Amino acid sequence: MVSFLGIMDTTEIQRVKQQFGIIGSAPELMRAIDTAIQVARTDLTVLVTGESGVGKEFFPQIIHTNSARKHGKYIAVNCGAIPEGTIDSELFGHVKGAFTDAVSERRGYFSEADGGTIFLDEVGELPISTQARLLRVLENGEFMRVGSSKVEKTNVRIVCATNVNLPEAIKNGRFREDLYYRLSTVPINVPPLRKRGGDVLLLFKKFVMDFSARYNVPKIELDEAATEALLSYSWPGNIRQLKNVAEQISILELNRKVTGDTMLGYLPQQNMGNLPVPAAQQNGGKTFESEREILYSVLFDMRRDITELRRQVKELMGARAVAPHDAVQLYPHAQEVTIDPRTIHVSSPSTMHVSSPSTMHEVGEYIDEALSLDDVEKKTIKSALDRNHGRRRDAARELNISERTLYRKIKEYGIE
Ligand SMILES: Nc1ncnc2c1ncn2[C@@H]1O[C@H](COP(=O)(O)OP(=O)(O)OP(=O)(O)O)[C@@H](O)[C@H]1O
Ligand SMILES: [Mg+2]
């Protein structure tokens, strides 16, 4: 394994941080960026490790854009999102007639990226048979298309990432040991957020500034206890989780100066089952894979509450349709389910915004959109796929969800 020691070039690191919008100056993060810059000039294979949500996806891009290959192609492949049956063909291509659906030949990513860089994300998810093919490309640049015995050559730089423990996967027989050593010529470990000290505050500040601009709402400020809560929390979901929290607070909190108690409500405590967890994070044990999913869930929980409230008001007032204004007087809790002084409009994820001022009339209209969360999600996914001419990667990027999630949802909703 190669390690890059010596004095860090902080000016270069600063430039890269600015280029990619990377926030923070924890020594371990700086070292990881420095290693990426140093190794970029070589063709060495890099393995980026780190927990989920730490920012691993910056690193292959830093490496590519700082390498001699920067004018070549950069192809990012989410190995976990491609079905096992087609992954070899996607990566290495196939010849006509290689399998039932192979009506014409196809070039794979390794051929497409000749002269450039391939980023194999979630590399731990590669099937064992594909691992053998990958090992061969790594060793001498050779590969064969599915269904062909002709050896082809490619000149590709490979950067991989994983949040799974590969040595553990090797022990369980799910990952080839020889491939692991070949991939991790240069290991880059991205530190978890809980080891980055004051970076938490810098990141939070940056995120609330971004959300304040995006949703046109006043910026969130923290009191001393809230600051302390952020600093002492363990952040199991790392920066992705911090970003989610900043977004939820920016949208939901009426009081823009957040207290420690309020903040704790957004930070699920592990091994402390008796502490309150915000409804948005419970959701029947469902795990959330993107900020948007959490936001949707919050919105639709709120809408369900409002609908129920309206039903009760109607019952009380007889068959007469009640002006939403009355609902507030009868049910003071109605105020809680509106985001006063703003209203949330949902049409599609890319147009979701918060605007001011709110009126109960607008909220009434909002209730009347009789779409379920599933309907909205399905419609949103369909239009993103249409807009991107069926390209899943681009659609996933636009929706800000992982390709794996998109693939799962396409199957779940039976989208063609
Ligand atoms: N230092 C940082 N500064 C600003 N934003 C960051 C930083 N690190 C991560 N992020 C943001 O956090 C989110 C999660 O990062 P990323 O997708 O790279 O995580 P990951 O390590 O690939 O996680 P996973 O293993 O789950 O795929 C992204 O929105 C990313 O832009
Ligand atoms: Mg990732």
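Counting from 1, residues in each chain are numbered in the order their sequence is written. As a convention, the first chain written is A and the first ligand written is 1, with the rest following in written order. Since the coordinates come from a predicted model, pLDDT governs what is reported: local features require at least 70, and pairs of side-chain atoms require 80 or more to be given and counted, while whole-chain, interface and lining totals use all residues. The side-chain numbers reported here are obtained from all heavy atoms of the structure, hydrogens and water having been left aside.

Trainee: Which residues make up the overall build of the protein chain, and what are the values?
Mentor: For the purposes of this entry, the term helix denotes a DSSP run of H or I that reaches at least four residues, the term strand denotes a run of E that reaches at least two, and both are numbered from the N terminus. Looking only at helices and strands, the protein chain has 19 helices and 13 strands in total. For the protein chain, with 416 residues in total, the buried portion stands at 47%. Working rule for contacts: check all heavy atoms of both residues, and any pair within 4.5 Å makes them a contact. Considering only residue pairs separated by 6 or more positions, the protein chain has 69% of its internal contacts joining residues 24 or more positions apart. Of the roughly 20800 Å² that the protein chain leaves accessible, carbon and sulfur atoms contribute 51%. Throughout, exposure labels follow a simple rule: accessible area from a 1.4 Å probe, protein chains only, divided by the maximum for the residue type, with under 20% read as buried, over 50% as exposed, and the rest as partly exposed. Every accessible area reported is derived by Shrake-Rupley at a probe size of 1.4 Å, with residue values counting cover from the shown protein chains alone.

Trainee: Can you explain the packing of aromatic side chains? Please cite residues and give values.
Mentor: Classification of ring pairs uses Phe, Tyr and Trp, with its six-membered ring standing for Trp, and accepts pairs whose centres are within 6.5 Å; under 30 degrees between planes counts as stacked, over 60 as edge-to-face, and the remaining range as tilted. The tally for this structure, following the rule as stated, stands at five aromatic pairs. By definition, being over a ring means that NZ of Lys or CZ of Arg is both within 6 Å of the ring centre and within 35 degrees of the ring normal. One residue, Arg106, lies across the ring of Tyr109, its end atom 5.7 Å from the ring centre. A cation over an aromatic ring shows up here: Arg393 above the ring of Tyr109, its NZ or CZ 5.6 Å from the ring centre.

Trainee: I'd like to hear about the packing of helix H9 (residues 199-215) against helix H10 (residues 224-232), residue by residue, with values.
Mentor: The relative placement of two packed helices comes down to the angle between their axes together with the axis-to-axis distance. Two numbers describe how H9 lies on H10: the axes approach to 9 Å, and their chain directions differ by 115 degrees. Here H9 and H10 pass one another in a crossing that is right-handed. Mapping the contact onto sequence places Val200, Leu201 and Phe204 in H9 and Thr227, Leu230 and Leu231 in H10. Residues of the contact of H9 with H10, tallied by class, amount to five nonpolar, one polar and no charged. Inter-axis angles, ranging from 0 to 180 degrees, are taken between N-to-C directions of lines fitted to C-alpha atoms, where helices are fitted over the stretch in contact. Helix crossings are classified by the rotation of the near helix relative to the far one: an anticlockwise turn of less than a right angle makes the crossing left-handed, while a clockwise turn makes it right-handed. Throughout this entry, Asp, Glu, Lys and Arg are counted as charged residues, while Ala, Val, Leu, Ile, Met, Phe, Trp, Tyr, Cys and Pro are counted as nonpolar. The remaining residues, Gly among them, count as polar.

Trainee: So, the sheet that holds strand S9 (residues 186-189): which residues are in play, and what are the values?
Mentor: Pairing between strands requires that DSSP locate at least two bridges from one strand to the other. Taken in spatial order, the five strands of this open sheet run S2-S5-S8-S1-S9, and their pairing is parallel. Every other strand in the sheet has two partners, leaving strand S2 (74-78) and S9 as the edge strands with one partner each. Across the sheet, the mean angle separating the axes of adjacent strands is 20 degrees when strand polarity is ignored. Where strand S1 (residues 46-49) meets strand S8 (residues 157-162), four bridges bridge the pair, whose relative direction is parallel. The residue of S8 that forms the bridge with Thr49 is Thr162.

Trainee: Residues and numbers for unusual backbone geometry, please.
Mentor: Even without glycine at this site, Asn216 takes up a positive phi of about 55 degrees. Topologically, Asn216 is positioned in the loop between H9 and strand S10 (221-222). Notably, His389 is not glycine yet its phi reads approximately 50 degrees, a positive angle. As for its placement among the helices and strands, His389 is situated in the loop between helix H17 (373-387) and helix H18 (392-399).

Trainee: Requested: an account of the packing of helix H1 (residues 10-20) against helix H2 (residues 27-40), with residues and values cited.
Mentor: Between H1 and H2, the shortest axis-to-axis distance is 10 Å and the interhelical angle comes to 95 degrees. In terms of axis orientation, H1 runs roughly perpendicular to H2. For the pair formed by H1 and H2, the contact residues are Thr10, Glu12, Ile13, Val16 and Lys17 on the first element and Met30, Ile33, Asp34 and Ile37 on the second. Among the residues forming the contact of H1 with H2, the class breakdown is five nonpolar, one polar and three charged. Convention used here: angles under 35 degrees read as roughly parallel, angles over 145 as roughly antiparallel, angles from 65 to 115 as roughly perpendicular, and any remaining angle as oblique.

Trainee: So what's going on with the pattern of salt bridges? Which residues, and what values?
Mentor: The working definition used for a salt bridge is a side-chain nitrogen of Lys or Arg within 4 Å of a carboxyl oxygen of Asp or Glu. This structure, assessed with the given rule, holds 15 salt bridges. For Glu51, the salt bridge is made with Arg194, and the minimal N-O distance between the two is 2.4 Å. Here Arg194 lies in the loop between S9 and H9 and Glu51 lies in the loop between S1 and helix H3 (58-65), a separation of 143 residues in the sequence. Note on Glu51: relative accessible area 29%, which makes it partly exposed. Relative accessible area serves as the criterion here: at 41%, Arg194 is assigned to the partly exposed category. Between Asp178 and Arg176 there is a salt bridge, and its shortest N-O distance comes to 2.8 Å. For Asp178, a relative accessible area of 36% translates into the label partly exposed.

Trainee: I'd like a rundown of the site of ligand 1, residues and numbers included.
Mentor: Within the structure, ligand 1 sits among 18 residues, and Ile23, Ser52, Gly53, Lys56 and Asn163 are positioned closest to it. The contact in question runs from an oxygen atom of ligand 1 to an N or O atom on the side chain of Lys243, over 3.0 Å. Protein contact buries 86% of the 640 Å² of open area that ligand 1 shows by itself. Listed by contribution, the elements that provide at least two residues to the shell around ligand 1 are H9 and helix H11 (238-252). The biggest single contributor to the shell around ligand 1 is H11, with three residues. Tallied by class, residues from the shell around ligand 1 come to seven nonpolar, five polar and six charged. Residue contributions to the shell around ligand 1 reach at least three from each of two domains, namely domain 1 (10-188) and domain 2 (194-277). Residues are counted as near a molecule or strand when any one of their heavy atoms sits within 4 Å of it. Polar contacts, as used here, are pairs of N or O atoms within 3.5 Å; protein pairs need one atom able to donate a hydrogen and one able to accept it. Residues neighboring in sequence count only if both atoms are side-chain atoms. Source of the domain bounds: an automatic or database domain assignment.

Trainee: Outline the confidence of the model for the protein chain, listing residues and values.
Mentor: As a per-residue measure, pLDDT tells how confident the predictor is, with possible values from 0 to 100. Predicted confidence across the protein chain gives a mean pLDDT of 80, with 75% of residues reaching 70 or more. In this model residues 319-370 is a low-confidence stretch, pLDDT under 50, and it forms 92 contacts with partners more than four residues away in sequence or in other chains.

Trainee: So what's going on with the environment of Glu84? Which residues, and what values?
Mentor: With respect to the helices and strands, Glu84 occurs in the loop between S2 and helix H4 (87-92). For the pair Glu84 and Ser129, spaced 45 residues apart in sequence, the C-alpha separation works out to 9.8 Å.

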